[in-house]
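Commentary on secondary and tertiary structure
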Amino acid sequence: MASLTFPKHSIPPLLPNQTLSPRHSLFSHNLPIISNSSQSQFYGLRVSYSSSFSIPSSSTSVKGSIFAKVNKGSAPPSFTLKDQDGKNVSLSNFKGKPTVVYFYPADESPGCTKQACAFRDSYEKFKKAGAEVVGISGDDPSSHKAFAKKYRLPYTLLSDEKNKVRKDWGVPSDLFGTLAGRETYVLDKNGVVQLIYNNQFQPEKHIDETLKLLQSL
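Keep in mind that this is a model prediction, so the values were computed, not measured.

Side note on the side chain of Gln84
Relative to the elements of secondary structure, Gln84 occurs in the loop between strand S4 (80-83) and strand S5 (88-90). A relative accessible area of 12% means that Gln84 is categorised as buried. Engagement of the side chain of Gln84 in a polar contact is seen with the backbone nitrogen of Leu157, the distance being 2.9 Å. With residues up to four places along the chain from it excluded, the contact list for Gln84 reads Pro141, His144, Lys145, Ala148, Tyr155, Thr156 and Leu157.

Below, the structure written as structure tokens:
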């Protein structure tokens, strides 16, 4: 699972001739923002905090998210990846039927497990619409196999271990690039994108939105 430790930043200096009274100071010297060595698991990312973490200076650079390269009405870049059984699977294998391709951060993280199980629970509806469901993350095939077995996932999981496909498709990341994005694409039977849906924090909404679109095709 990914890990992040926030860097120690100093509070930016005041403008010339500008002062703050104790009453209006940004932080009390005796009041830490977050306690030492606290950790949390957040949608596939383990975050460590430091009590000295404070507002970054204006000179701090932040790497932005990747801009989308795949747009509605276009055909996305092809790929060949290994599935949970170690077999090569190409995007072209699904041509001729609607296909839902969803990128998610990591196996077993809370949000990804909810999303995977929601796709599982609605799988008959996807089959009725004649659609295939394909999940993609950076986990290896053995992780996918264990994940699929544990939650009885009836669809294909593909391993994009170097995140090449994620980059080729331009899937945007979250939390300033520290968390892999959660984005779903619906391709029609000709392999053309008809829907792009991005929602990191409501993973189950992806199923509702894709089914709405599929039922209208």
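Some words on the confidence of the model for the protein chain
Mean pLDDT for the protein chain: 77, with 68% of residues reaching 70 or above. Note on residues 5-43: pLDDT is under 50 here. Beyond four places in sequence and across chains, it has 65 contacts.

What to know about the pattern of salt bridges
On inspection of all chains with the given rule, the structure shows seven salt bridges. The salt bridge partner of Lys145 is Asp85, with a shortest N-O separation of 3.0 Å. Taken together, the residues span a long stretch of sequence, with Lys145 in helix H3 (residues 141-151) and Asp85 in the loop between S4 and S5 at a distance of 60 residues. Owing to a relative accessible area of 47%, Lys145 belongs among the partly exposed residues under this scheme. Looking at Asp85, the relative accessible area reads 48%, which means it is partly exposed. Glu132 serves as the salt-bridge partner of Lys97, at 3.2 Å between the closest nitrogen and oxygen. Of this pair, Lys97 sits in the loop between S5 and strand S6 (99-103) while Glu132 sits in strand S7 (residues 132-137); the two residues are 35 residues apart in sequence, bridging distant segments of the chain. Here the salt bridges do not stand alone but share partners, grouping Lys205, Glu209 and Lys212 into one network.

As for the sheet that holds S6
The strand order across the open sheet formed by seven strands is S5-S4-S8-S7-S6-S9-S10, and the pairing between neighbours is mixed. One side of each edge strand has no neighbouring strand; the edge strands of this open sheet are S5 and strand S10 (193-198). Averaged over all pairs of adjacent strands, the angle between strand axes in this sheet comes to 30°, irrespective of strand direction. Here S4 pairs with strand S8 (residues 156-159) via two bridges, running antiparallel. Residue pairing across strands places Lys82 opposite Ser159, the latter belonging to S8. Sheet contacts for H3: S4, S7 and S8; angle to S8, the most-contacted strand, approximately 155°. Most of the contacts of helix H5 (residues 205-216) go to S10, to which it runs at about 160°, and overall it touches S6, strand S9 (183-187) and S10.

Definitions and cut-offs
- Residues numbered from 1 in each chain as written.
- Predicted model: local features only at pLDDT ≥ 70, side-chain atom pairs only at ≥ 80, totals over all residues.
- Heavy atoms only, no water.
- Helix = DSSP H or I, 4+ residues; strand = E, 2+ residues; numbered from the N terminus.
- Buried < 20%, exposed > 50% of the residue type's maximum accessible area, 1.4 Å probe, protein only.
- Polar contact = N/O pair within 3.5 Å; in protein donor to acceptor, adjacent residues only side chain to side chain.
- Contact = heavy atoms within 4.5 Å.
- pLDDT = per-residue confidence, 0-100.
- Salt bridge = Lys/Arg side-chain N within 4 Å of Asp/Glu carboxyl O.
- Pairing = 2+ DSSP bridges.
- Axes fitted to C-alpha atoms, helices over the stretch in contact; angles between N-to-C directions.

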